[in-house]
Amino acid sequence: MAKLKRKEYEAELQPLQVELVEMARWLIDTGKRLVVVFEGRDTAGKGGAIEAIAEHLNPRQCRIVALPKPADREEGQWYFQRYVPHLPAAGEIVLFDRSWYNRAGVEQVMGFANPEQVRTFLRQAPVFEQLLVDDGVLLFKYWLCCDQAKQEERFAERLQDPLKRWKLSPIDMASRERYGDYTKAREAMLKATHTEHAPWTLVEFNDQRRGRLALIRDLLSRIPDKRVPEHCLEFQPLQGKLKQERYTVIEPIVPDED
């Protein structure tokens, strides 16, 4: 399948983003809470998918959560504890750029969690998610799929691009040799946590543009009737002559003319 061109992608994305804005209005109107978990290999495209969803949403309503490695105190907590404060309140959206599933993925493969910790996580995760769903949280979990050849291509691109180089870490480099280990860990995770109350959805992301569109369409299809009447604001003309900015303390920087 040919890679989707930018103009085609943007033409298909725009109406979906309009629907996302309608979804956000529906969440506020109903007080529902939405959690979307994005997981996948390094370079799969989690950040781009999240950006496409959040781009036109109110940042006060829609939050992106991408936690750093646990602090010393967090290491001594119940594993799920550090994620709970980031869960949404009524009308809010939280997009997890990696989530509690770190334990079943990078922590397991890279040796940051021992086998007993991983087994405990796989046993507790469905229970934790059942509690969220029982309390009314709309929980959707996506795994973004990409082949190793595509992953290598994206790693190389990041290395060459000074604007993307910050995305590379020693762990990313080490993960290149463990593609098969990550596959094994993912399959064990899916077997243990793909439940009726919180199922996984896998999305092909070898073409990231097509993947984003497919993921957003799937997300929107899972939300009930999201059509809420929009409040119409009247834009009346102002009376009198329009005023120019005036400054008495500090002058603004003036952009250079082309």
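Whatever comes next refers back to the structure up there.
Scoring rules and cut-offs
- Residues numbered from 1 in each chain as written.
- Predicted model: local features only at pLDDT ≥ 70, side-chain atom pairs only at ≥ 80, totals over all residues.
- Heavy atoms only, no water.
- Helix = DSSP H or I, 4+ residues; strand = E, 2+ residues; numbered from the N terminus.
- Buried < 20%, exposed > 50% of the residue type's maximum accessible area, 1.4 Å probe, protein only.
- Contact = heavy atoms within 4.5 Å.
- Areas by Shrake-Rupley, 256 points an atom, 1.4 Å probe, with all protein chains shown as cover.
- Lys, Arg positive; Asp, Glu negative; His and termini not counted.
- Charge placed at Lys NZ, Arg CZ, Asp CG, Glu CD.
- Core = buried A, V, L, I, M, F, W, Y, C linked by side-chain atoms within 4.5 Å.
- Pairing = 2+ DSSP bridges.
- Axes fitted to C-alpha atoms, helices over the stretch in contact; angles between N-to-C directions.
- Polar contact = N/O pair within 3.5 Å; in protein donor to acceptor, adjacent residues only side chain to side chain.
- Parallel < 35°, antiparallel > 145°, perpendicular 65-115°, else oblique.
- Left-handed = near helix turned anticlockwise from the far one by under 90°.
- Phe/Tyr/Trp six-rings, centres within 6.5 Å; stacked < 30°, edge-to-face > 60°.
- Lys NZ or Arg CZ within 6 Å of the ring centre and 35° of its normal.

Draft legend 1. Region of interest: the overall build of the chain. For the chain, the helix and strand inventory stands at nine helices and five strands. Each helix and strand of the chain, placed in order from N terminus to C terminus, yields the pattern α-β-α-β-α-β-α-α-β-α-α-α-β-α. For the C-alpha atoms alone, the extent of the chain along its principal axes is close to 75 × 45 × 45 Å. A buried classification covers 41% of the 258 residues belonging to the chain. In the chain, 78% of the contacts between residues at least 6 apart in sequence involve partners at least 24 apart. As presented, the chain carries roughly 16400 Å² of accessible surface, and 53% of it is formed by carbon and sulfur atoms. Mean positive and mean negative side-chain charge positions of the chain (40 and 41 charges, respectively) differ by 2 Å.

Draft legend 2. Looking closely at the environment of L87. Mapping L87 onto the fold places it in the loop between α3 (72-75) and β3 (93-97). Those residues within four positions of L87 in sequence are excluded, and the remaining contacts are V35, R63, V94, F96 and L132.

Draft legend 3. Representation of the nonpolar core. By size, the foremost hydrophobic cluster in this structure holds 36 residues, and its most contacted members are L34, I53, I93 and L95. Here the element with the most residues in this core is helix α1 (residues 6-30); it accounts for eight residues. Setting aside its immediate chain neighbours within four residues, I93 contacts M23, A24, L27, L34, L57, Q61, C62, R63 and P88.

Draft legend 4. Seen up close, the sheet that holds β3. Read from one edge to the other, the open sheet built from five strands follows the order β2-β3-β1-β4-β5, with strand pairing classed as parallel. Lying at the two open borders of the sheet, with one neighbouring strand each, are β2 (62-65) and β5 (200-204). Ignoring strand direction, the axes of neighbouring strands in this sheet form an average angle of 20 degrees. Here strand β4 (residues 137-145) runs beside β5; their pairing, made up of five bridges, is parallel. Each bridged residue has a counterpart across the sheet, and for K141 the counterpart in β5 is W200.

Draft legend 5. Geometry of the side chain of T195. With respect to the helices and strands, the residue T195 is situated in the loop between α8 (179-193) and β5. Side-chain polar atoms of T195 contact the backbone nitrogen of A198, separated by 3.0 Å.

Draft legend 6. The arrangement of the environment of R82 in detail. Looking at the secondary structure, you find R82 in the loop between α3 and β3. Taking the C-alpha atoms as reference, R82 lies 9.0 Å from L67; in sequence the two are 15 residues apart. The residues contacting R82, other than those within four sequence positions of it, are L67, P68, K69, P70, E74 and Q77. Within the structure, R82 has its side chain in polar contact with the side chain of E74 (distance 3.5 Å).

Draft legend 7. The packing of helix α2 (residues 46-54) against helix α9 (residues 208-221), seen in detail. Here α2 crosses α9 at 50 degrees, and the two axes come no closer than 10 Å. Taken as axis vectors, α2 and α9 run oblique relative to one another. Pair α2 / α9 crosses with right-handed handedness. Contact residues: G48, A49, A52 and I53 in α2; R212, L215, I216 and L219 in α9.

Draft legend 8. Unusual backbone geometry, seen in detail. A positive phi angle, close to 75 degrees, is found at T43, a residue other than glycine. If you check the backbone angles, R98 has positive phi at about 70 degrees while not being a glycine. Accessibility expressed as a relative area gives 22% for R98, which makes it partly exposed.

Draft legend 9. Structural detail: the packing of aromatic side chains. Following the criterion strictly, the structure yields 15 aromatic pairs and no others. The interplanar angle of 55 degrees and the centroid separation of 6.0 Å between the aromatic rings of Y79 and Y83 together place this pair among those described as tilted. Judged by its relative accessible area of 14%, Y79 falls in the buried class. Among the residues examined, Y83 registers a relative accessible area of 2% and is labelled buried. In textbook terms, an aromatic cluster arises when at least three aromatic residues are bridged by ring pairs, as seen for W78, Y79, F80, Y83, F96, W100, Y101, F121, F128 and W200. The ring of Y179 has R41 sitting right over it, with the charged end atom 3.5 Å from the ring centre. Taking NZ or CZ as reference, R82 lies 5.6 Å from the ring centre of Y83, over its face.

Draft legend 10. Geometry of the environment of I50. Along the chain, I50 turns up in helix α2. Taking the C-alpha atoms as reference points, I50 and V36, separated by 14 residues in sequence, lie 9.4 Å from one another. Beyond its immediate chain neighbours, meaning those up to four positions away, I50 contacts F38, I64, L95, F96 and D97.

Any link to function would need more than the numbers given here.
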